[in-house]
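Observations on the model geometry
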Amino acid sequence: MDDQRHDERPIGLFDSGVGGLTVLEAVARRFPEESFLYLGDTARVPYGTKSARTVERYTLQVADCLLRRGVKGLVVACNTASALGLAALRAQSPVPVIGVIEPGCRAAAAARPDGGQPARVGVIGTRSTVASGAYPYHLAMLDPSIQVISLACPLFVPLVEEGWVDHPAVRMIVTDTLTPLFTQRLDALILGCTHYPVLKGVIAETMGVRVALIDSSAAVADELSRHLGGLIAPAPRGAAQRLAFLVTDVADRFKETATRFISGIAVEAVEVVDL
Ligand code: DGL
């Protein structure tokens, strides 16, 4: 820390794998003087098929690893960990913690092009996120009249982790999975998993132009901007941004998938860590 108002330490972000890089891309672009330390828990991906107890434990372990490396704030760039581990993490973290669900709900509640609140909002996410009820809960806090239709899409995360984005089977799987939503007259659809923005093109084509797609990464950047200069001291003016990457297994695979699908950031050195 160079003085009381500035802090050059990085902000930690984490996800089960490459998905949280969609959030990193947004915050790294919005705050070019801030440095970020990203951790992908690639040894244990996916989180979305696991129990609440397990995901909470993983969340605390990953956060602990980032805290030991001296981060000044934490962004839980994973909906599943935000749904199931955020409360426990906030209760014990010595630094501020930002999740993805509340910012995403705020963005969805303001999503109608006419500026009005959407009446019917769809949420797609992992099985564990949908089962947690976190999205309907937070949307109801904002506006109890919003009707929420949730759908788990368990095949989407493996597609992204495997790099099956342009593959012909993807359109078929996405269309088949989203079919229950076609008759729901949705105003907005929340991409309630940070892996899903990688499939945004095909999801948008499948859902049609009338449904606003909500990618919470911009909303997370808004939330971080409220913290910087408040609870989190910003980097010194003119600081050069540093991006560093940690994974819990198979660094090359992470690097290859990240480089192919996340164009906005350079994933260079990737270090393998044990939690
Ligand atoms: N990207 C994560 C999420 O936002 C985790 C997906 C998974 O590991 O199942 O939910």
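As the structure is a prediction and not an experimental result, all values here were calculated from the model. (Residues numbered from 1 in each chain as written. Predicted model: local features only at pLDDT ≥ 70, side-chain atom pairs only at ≥ 80, totals over all residues. Heavy atoms only, no water.)

Below, the discussion takes up the sheet that holds strand 5 (residues 120-125). Spatial strand order, 6-5-7-8: four strands in an open sheet with parallel pairing. Each end of this open sheet is capped by a strand with a single partner; those strands are strand 6 (147-152) and strand 8 (212-214). For this sheet, the mean inter-axis angle between neighbouring strands, taken without regard to orientation, is 20°. Strand direction decides the pairing type here: strand 5 and strand 6, joined by six bridges, are parallel. If you follow Gly-125 over to strand 6, its bridge partner there is Ala-152. Sitting on the sheet, helix 4 (residues 101-109) touches strand 5, strand 7 (188-191) and strand 8, and the angle it makes with strand 8 is about 165°. (Pairing = 2+ DSSP bridges. Helix = DSSP H or I, 4+ residues; strand = E, 2+ residues; numbered from the N terminus. Axes fitted to C-alpha atoms, helices over the stretch in contact; angles between N-to-C directions. Contact = heavy atoms within 4.5 Å.)

With respect to the helices, strands and loops of the structure, Thr-129 is situated in helix 5 (residues 127-132). Apart from the residues lying within four places of it in its own chain, the contact partners of Thr-129 are Asn-79, Thr-80, Ala-83, Ala-134, Tyr-135 and Gly-192.

Okay, the site of the ligand next. In the vicinity of the ligand lie 14 residues, with Ser-16, Tyr-47, Asn-79, Thr-80 and His-195 positioned nearest. Contacts to the ligand include Asp-15, whose side-chain N or O atom sits 2.9 Å from a nitrogen atom. The separation between an oxygen atom of the ligand and a polar main-chain atom of Asn-79 is 2.7 Å. If the ligand stood free it would expose 300 Å²; the protein chains cover 99% of that surface. Residue composition of the shell around the ligand, by class: six nonpolar, seven polar and one charged. (Near = heavy atom within 4 Å. Polar contact = N/O pair within 3.5 Å; in protein donor to acceptor, adjacent residues only side chain to side chain. Areas by Shrake-Rupley, 256 points an atom, 1.4 Å probe, with all protein chains shown as cover. Nonpolar A, V, L, I, M, F, W, Y, C, P; charged D, E, K, R; others polar.)

Time to look at the environment of Glu-223. By the secondary structure assignment, Glu-223 is in helix 10 (residues 217-227). Counting along the chain gives 24 residues from Glu-223 to Val-247, while the straight-line C-alpha distance between them is 25 Å. Aside from chain neighbours lying at most four places away, what touches Glu-223 is Ile-98, Pro-103 and Arg-106. Looking at Glu-223, its side chain comes within polar contact range of the side chain of Arg-106, at 2.3 Å.

Function cannot be inferred from these measures alone, as they are strictly geometric.
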